[in-house]
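Chain and residue survey
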Amino acid sequence: MLIPYGSPATFGWTPVGTAIYGLAQTKSGGVIVGRFRDGYGFEKISHTAIDRVLRALTTTQLTHVVAWTMDWEGHRFFLLTVEDDFTLVYDESTGFWTHWDTYTAGVSTAWVGLGHMSITGTQIVGSRVNGQLYACADTYLDDAGAVIRCVRRSPCAHAQSLRVGHNAIYFDFEVGVGIAGVAAPVARVRWSDDAGNTWSDEREVALGAMGEYDHDAIVRRLGATKRKGRVYELVVTDSVVRALSGVYLDVGAAA
């Protein structure tokens, strides 16, 4: 049987459980991400946004993409590391794509990890930079001393080209997460009313000092959207627990 896919990367495929995941290239030159799960049956797992990122890569970048995998907290992750630039991550359990990085001095690069194994119950990741081994656990709140920068962006909230007042945004965080070194942790939120071309100033969202378990993580008085709607961005850099289960928007009547 003819398999109509190749790969532009030398190390672009890896086993993930009983399947094989990787960076595929069609005979017409298109680059996508997919998997073989049942014999020769190929299933595409990248969506339009991921395909667009891959199309922007140079031939050299595609050649140097490395595929690898890790199991974590009941989730099986497939990772594509693109040189020093960025790391794309697919969660097999949820079907969601995310972007992992190493954030140093305001610069985002590919995640430091490249290769994973478990030794006597300890999750170990090897560094792509210097070969050093790192232990991974939820109790570690930074990246070996470096800041972990968590970013979430919302879908566009709009009302069919009508203006809408945004009264407040509620973040369902695990609160009361302040610790000895970070007594009053905060997140930061900003928004764009023009499809991400320009952004508002940042507003702080208090996450609650240690023991403030009834604290509400809210930002109020957000003004009104323009007709293109609004995209929100949330960033957490404080070295505390970052558990977000939902976001709720209080809006007024459309006009």
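Residues numbered from 1 in each chain as written. Predicted model: local features only at pLDDT ≥ 70, side-chain atom pairs only at ≥ 80, totals over all residues. Heavy atoms only, no water.

This part takes up the sheet that holds strand β15 (residues 164–173). The sheet built from three strands is open, its strands ordered β18-β15-β20 with antiparallel pairing. Edge strands, defined here as strands with exactly one partner in the open sheet, are β18 (217–220) and β20 (244–254). Each adjacent strand pair in this sheet contributes to an overall mean axis angle of 15°, direction not counted. (Pairing = 2+ DSSP bridges. Helix = DSSP H or I, 4+ residues; strand = E, 2+ residues; numbered from the N terminus. Axes fitted to C-alpha atoms, helices over the stretch in contact; angles between N-to-C directions.)

Under the defined criterion, the tally for this structure stands at eleven aromatic pairs. Note on Trp13 and Phe36: the rings are 5.6 Å apart at their centroids and 35° apart in plane angle, and the pair reads as tilted. Linking Trp13 in strand β2 (residues 13–16) with Phe36 in strand β4 (residues 31–38), this pair joins segments that are 23 residues apart in sequence. On the accessibility criterion, Trp13 (26% relative accessible area) is partly exposed. Relative to Phe173, the ring of Phe171 has its centre 6.2 Å away and its plane inclined at 45°; by these criteria the two rings are tilted. Each of the two residues, Phe171 as well as Phe173, counts as buried. The positively charged end of Arg149 is found above the aromatic ring belonging to Tyr103, 4.9 Å away from the centroid. Note that Arg190 overlies the ring of Trp199, its terminal NZ or CZ placed 4.3 Å from the centroid. (Phe/Tyr/Trp six-rings, centres within 6.5 Å; stacked < 30°, edge-to-face > 60°. Buried < 20%, exposed > 50% of the residue type's maximum accessible area, 1.4 Å probe, protein only. Lys NZ or Arg CZ within 6 Å of the ring centre and 35° of its normal.)

Once their charged atoms are close, side chains differing in charge can pair, the charge on each being opposite to the other. Considering all chains together, one arrives at eleven salt bridges under this definition. For the salt bridge of Asp51 with Lys44, the shortest nitrogen-to-oxygen distance reads 2.8 Å. For Asp51, a relative accessible area of 11% puts it in the buried group. Close ionic contact of Arg76 with Glu92 constitutes a salt bridge, the shortest N to O distance being 3.4 Å. With Arg76 in strand β7 (residues 75–82) and Glu92 in the loop between β8 (86–91) and β9 (97–104), the pair connects residues that are 16 residues apart, well separated along the chain. For Glu92, a relative accessible area of 26% gives the class partly exposed. Residues joined in a network through salt bridges with shared partners are Arg35, Arg37 and Glu43. (Salt bridge = Lys/Arg side-chain N within 4 Å of Asp/Glu carboxyl O.)

This part covers unusual backbone geometry. Even without being a glycine, Ala105 presents a positive backbone phi close to 50°. With respect to the element layout, Ala105 can be found in the loop between β9 and β10 (107–110). Phi at Ala195 takes a positive value of approximately 60°, unusual for a residue other than glycine. Take Ala195: it is sitting in the loop between β16 (186–192) and β17 (203–206).

This part covers helix α1 (residues 48–55). All of the buried residues along α1 are Ile50, Asp51 and Leu54. Across the axial projection of α1, the buried residues extend over an arc of 100°, all falling on one side. Away from its buried face, by an angle of more than 90 degrees, α1 presents the exposed residues Thr48, Arg52 and Arg55. (Arc of directions from axis to C-beta.)

This brings us to the sheet that holds strand β6 (residues 65–72). The five strands are arranged β6-β7-β8-β9-β10 in an open sheet whose pairing can be described as antiparallel. Edge strands, defined here as strands with exactly one partner in the open sheet, are β6 and β10. For this sheet, the mean inter-axis angle between neighbouring strands, taken without regard to orientation, is 35°. Where β6 and β7 come together, eight bridges link them in antiparallel fashion. Across the sheet, residue Val65 finds its bridge partner in β7, namely Val82.

Our next topic: the nonpolar core. Counting 21 residues, the largest nonpolar core has Leu23, Val33, Leu54, Phe78, Leu80 and Trp97 as the members making the most contacts within it. Within the residue set of this core, elements represented by two or more residues are β3 (19–26), β4, α1, β6, β7 and β8. Non-local contacts of Phe78, meaning those with residues more than four positions away in its chain, are made with Thr14, Val16, Tyr21, Gly22, Val33, Ala67, Trp68, Leu88, Val89, Tyr90 and Trp97. With 18 residues, the next largest nonpolar core counts Phe173, Val182, Val219 and Tyr232 among its residues. (Core = buried A, V, L, I, M, F, W, Y, C linked by side-chain atoms within 4.5 Å. Contact = heavy atoms within 4.5 Å.)

Turning next to the side chain of Thr14. Within the element layout of this structure, Thr14 appears in strand β2. Ignoring any residue separated from it by four or fewer positions in sequence, one finds Thr14 in contact with Ala19, Ile20, Tyr21, Ala67, Trp68, Thr69 and Phe78.

A contiguous nonpolar surface patch, about 270 Å² in accessible area, is contributed by Met117, Ile119 and Leu133. Take Met117: it is sitting in strand β11 (residues 113–119). (Patch = residues over 30% accessible without salt bridge, like charges linked within 9 Å, V, L, I, M, F, W, Y side chains within 5 Å. Areas by Shrake-Rupley, 256 points an atom, 1.4 Å probe, with all protein chains shown as cover.)

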